[in-house]
Amino acid sequence: MLQQLIIGLIFLAALAYLGWRAWKSLFRKEAGCSKGCGCSADTKTASANKSGRLPVNY
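What you are looking at is a predicted structure, and each value in this text was computed from that prediction instead of being measured.

With respect to the packing of aromatic side chains
Then step 1. Taken as a whole and judged by the stated rule, the model has two aromatic pairs.
Then step 2. Seen in terms of ring centroids, Tyr17 and Trp20 are 6.0 Å apart; in terms of plane orientation they differ by 45 degrees. Their pairing is tilted. Of the two residues, Tyr17 and Trp20 both sit in helix α1 (residues 2–26), three residues apart, roughly one turn of that helix.
Then step 3. Between Trp23 and Phe27 the ring centres are 4.4 Å apart and the planes differ by 45 degrees, which places this aromatic pair in the tilted class. Each member of the pair, Trp23 as well as Phe27, carries the same accessibility label: exposed.

Quick word on a nonpolar patch on the surface
Then step 1. Taken together, the side chains of Leu2, Leu5, Ile6, Ile7, Leu9, Ile10, Phe11, Leu12 and Leu15 present a nonpolar region at the surface, about 940 Å² in accessible area.
Then step 2. Examined against the element boundaries, Phe11 turns out to sit in helix α1.

Analysis parameters
Residues numbered from 1 in each chain as written. Predicted model: local features only at pLDDT ≥ 70, side-chain atom pairs only at ≥ 80, totals over all residues. Heavy atoms only, no water. Phe/Tyr/Trp six-rings, centres within 6.5 Å; stacked < 30°, edge-to-face > 60°. Helix = DSSP H or I, 4+ residues; strand = E, 2+ residues; numbered from the N terminus. Buried < 20%, exposed > 50% of the residue type's maximum accessible area, 1.4 Å probe, protein only. Patch = residues over 30% accessible without salt bridge, like charges linked within 9 Å, V, L, I, M, F, W, Y side chains within 5 Å. Areas by Shrake-Rupley, 256 points an atom, 1.4 Å probe, with all protein chains shown as cover. Salt bridge = Lys/Arg side-chain N within 4 Å of Asp/Glu carboxyl O.

In structure tokens:
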């Protein structure tokens, strides 16, 4: 009986984790990198990369 309870709790924790990851990927505020971590690219760097040039740091 105790083993079934432990397995059930592990299963519910796994479902909660998958639900949390799905919620984050569907309802994130800003699009960042492709990893889905929520980071956002710097606008200056992003605009320089669109033109095909690399950003230069002085």
